[in-house]
Amino acid sequence: MKLRWEVYGLELATPLRISRSVMSRRDAVRVVLSRDGQHGHGEVVTSTYYRLDVPAITSVLERLRPVLADTPEAALDVLHADSAVPAGVRAAVDAALHDLLGLRRDVPVHRLVGVEEWQATPTAYTIGITTPDDAAAQADALAARGFSVLKVKAGADPDRDVATVFAVRAAAPDARLVLDPNGAWSPDLAVRTLERLSGVALDAVEQPIPPGNPDALAWVRERCPAPLIADEDAATVADVRKLAGAVDGVNIKLAKCGGLRPALDIVSAARAGGFDVMLGCLVASSLGIAPAVHLAGHARWADLDGHLLLAHDPWSGIGGEDGTLRLSGAPGLGVVPR
């Protein structure tokens, strides 16, 4: 196989604020693997949190160029045997290999990952940290577009967080609400804040406290009015096994775990542990989001809106603009340049 890549920028339509940062742009690297005239694609985006910038990404790809085997099947084994490859880069190459496998076998990727019949799936849309009035206006507009699941970012100020959630609930009374402080709260603050939100029907609470303390997560879970989901605490199968009794669900991000193959292992571990699954993402184009969309049949929640936050998405093929993800049914990932 031949490996090549291309670097491009992804601008957000509106800056997105979460508890630890504000983002208005990412750089992305499109990975292309070619064999016998067919081309598989994947995408990795830069991330300060995951310590990935363009030079780090391209240097790893340069190292991988000579070691990827002749067939996609063998290349997947080589790729996932190399623990030195950062998870985000591994996920992009994994996606390109699965895309190429789907093209070669003339099947969509979801059939390669155990989802024989894929169904249209609602996705959450993320409302970043902002004023309650602005959050309410966004929620009203999103509900009008068809979004039935909204994720509300929190973690800047507890009083504003509470006011924002109530404002979003009033503006979108029928929406499922997921609350995500990105680990910004202490266990005590998490419980006190969630008690203030007891009048709001939350669908889930995601990673309320910093990662690394399953016992504290379990303490919060006992007092949480909604299913508690681990995100940063659940990057690997080993992580998921440590969370037994501490959470109700785990958030699988391909850029966090390393691609579709390890994601399937985490799905199996989650099922064995009695956990529900959320599929999450980073801000990325439709190409970067598509692999997780193919996994949606394994999840209770899909939070796959990264492409919807962009000012211009250079790819298309997974839908979501009306709150529902839809695959084209084409072989491979099914995305095409816009």
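Rules used in this analysis
Residues numbered from 1 in each chain as written. Predicted model: local features only at pLDDT ≥ 70, side-chain atom pairs only at ≥ 80, totals over all residues. Heavy atoms only, no water. Pairing = 2+ DSSP bridges. Helix = DSSP H or I, 4+ residues; strand = E, 2+ residues; numbered from the N terminus. Axes fitted to C-alpha atoms, helices over the stretch in contact; angles between N-to-C directions. Core = buried A, V, L, I, M, F, W, Y, C linked by side-chain atoms within 4.5 Å. Buried < 20%, exposed > 50% of the residue type's maximum accessible area, 1.4 Å probe, protein only. Contact = heavy atoms within 4.5 Å.

## Quick look at the sheet that holds strand β1 (residues 2-18)
Read from one edge to the other, the open sheet built from 3 strands follows the order β1-β2-β3, with strand pairing classed as antiparallel. A single partner strand is all that each edge strand has here, and the edge strands are β1 and β3 (38-45). When the angles between neighbouring strand axes are averaged without regard to direction, this sheet yields 20°. Pairing analysis gives 13 bridges linking β1 to strand β2 (residues 21-35), with the strands arranged antiparallel.

## What about the sheet that holds strand β6 (residues 149-153)?
If you walk across this open sheet you meet the 8 strands as β5-β6-β7-β8-β9-β10-β11-β12, and the pairing is parallel. Looking along the sheet, the strands with just one partner apiece sit at the ends: β5 (124-127) and β12 (301-302). Alignment of strand β11 (residues 276-279) against β12, held across 2 bridges, turns out to be parallel. The partner of M278 across the bridge, within β12, is W301.

## Concerning the nonpolar core
Buried together is how nonpolar side chains tend to be arranged in soluble globular proteins. Membership of the largest hydrophobic core comes to 88 residues, with the highest contact counts inside it found for L150, L179, L202, L243 and L304. If you tally residues by element for this core, the top one is helix α11 (residues 260-273), at 6 residues. L179 has contacts with V152, A154, V165, W185, L194, L197, L202, A204, V205 and E206, leaving out every residue within four places of it along the chain. The next biggest cluster of nonpolar side chains, apart from the first, holds 21 residues, and it includes V60, L64, L68 and V93.

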